[in-house]
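These are the residues of each chain, in order.
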Amino acid sequence: MREAAVSSRIAKRVRRIVAVQVGCERRAISLTDRIDELGLGNIDRLEIVLDCQRRFGVRVDGEFAWVTVADIIAAVRHGLDYQELEAA
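Residues numbered from 1 in each chain as written. Predicted model: local features only at pLDDT ≥ 70, side-chain atom pairs only at ≥ 80, totals over all residues. Heavy atoms only, no water.

Draft legend 1. Layout of the pattern of salt bridges. The final tally for this structure, using the stated rule, is 6 salt bridges. The partner of Arg34 in a salt bridge is Asp36, and the shortest N-O contact between them spans 3.6 Å. The exposure class assigned to Arg34 is partly exposed, which follows from its relative accessible area of 35%. Linking Asp61 and Arg59 is a salt bridge whose minimum nitrogen-to-oxygen distance equals 3.0 Å. Taking relative accessible area as the criterion, Arg59 reaches 62% and is therefore assigned exposed. One connected set of salt bridges, linked through shared partners, spans Arg34, Asp36 and Glu37. (Salt bridge = Lys/Arg side-chain N within 4 Å of Asp/Glu carboxyl O. Buried < 20%, exposed > 50% of the residue type's maximum accessible area, 1.4 Å probe, protein only.)

Here it is, written out as structure tokens:
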């Protein structure tokens, strides 16, 4: 149960980061929204990477392979999982 709550918080925070980049409210961003349909270009992707790295304290990779908002969330989760493994 705790893992689901953490996962939900990560998704909300990432959606908020994307919403700021798009210029809308977090609620307007869904997991299935396509990055290109949101009007986000390469510079926007890099800004999302930097913001995620700063807010989550992990390395976030693969920004040019992202298709949907869910892909960004998965990249952040991967970074968090990797960091956890490195600390063990």
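What follows picks up the thread again.
Draft legend 2. Structural view of the side chain of Asp51. Structurally, Asp51 is set in helix H2 (residues 42-56). Among the residues examined, Asp51 registers a relative accessible area of 11% and is labelled buried. At 2.6 Å, the side chain of Asp51 and the side chain of Arg54 are in polar contact. (Helix = DSSP H or I, 4+ residues; strand = E, 2+ residues; numbered from the N terminus. Polar contact = N/O pair within 3.5 Å; in protein donor to acceptor, adjacent residues only side chain to side chain.)

Draft legend 3. A look at a nonpolar patch on the surface. A surface patch of nonpolar side chains, amounting to about 300 Å² of accessible area, comprises Ile43, Leu46 and Phe64. Residue position: Leu46 is located in helix H2. (Patch = residues over 30% accessible without salt bridge, like charges linked within 9 Å, V, L, I, M, F, W, Y side chains within 5 Å. Areas by Shrake-Rupley, 256 points an atom, 1.4 Å probe, with all protein chains shown as cover.)

Draft legend 4. View of the packing of aromatic side chains. Summed over the entire model, instances satisfying the criterion amount to 0 aromatic pairs. Here the basic side chain of Arg13 rests over the ring of Phe56, its NZ or CZ set 4.4 Å away from the ring centre. (Phe/Tyr/Trp six-rings, centres within 6.5 Å; stacked < 30°, edge-to-face > 60°. Lys NZ or Arg CZ within 6 Å of the ring centre and 35° of its normal.)

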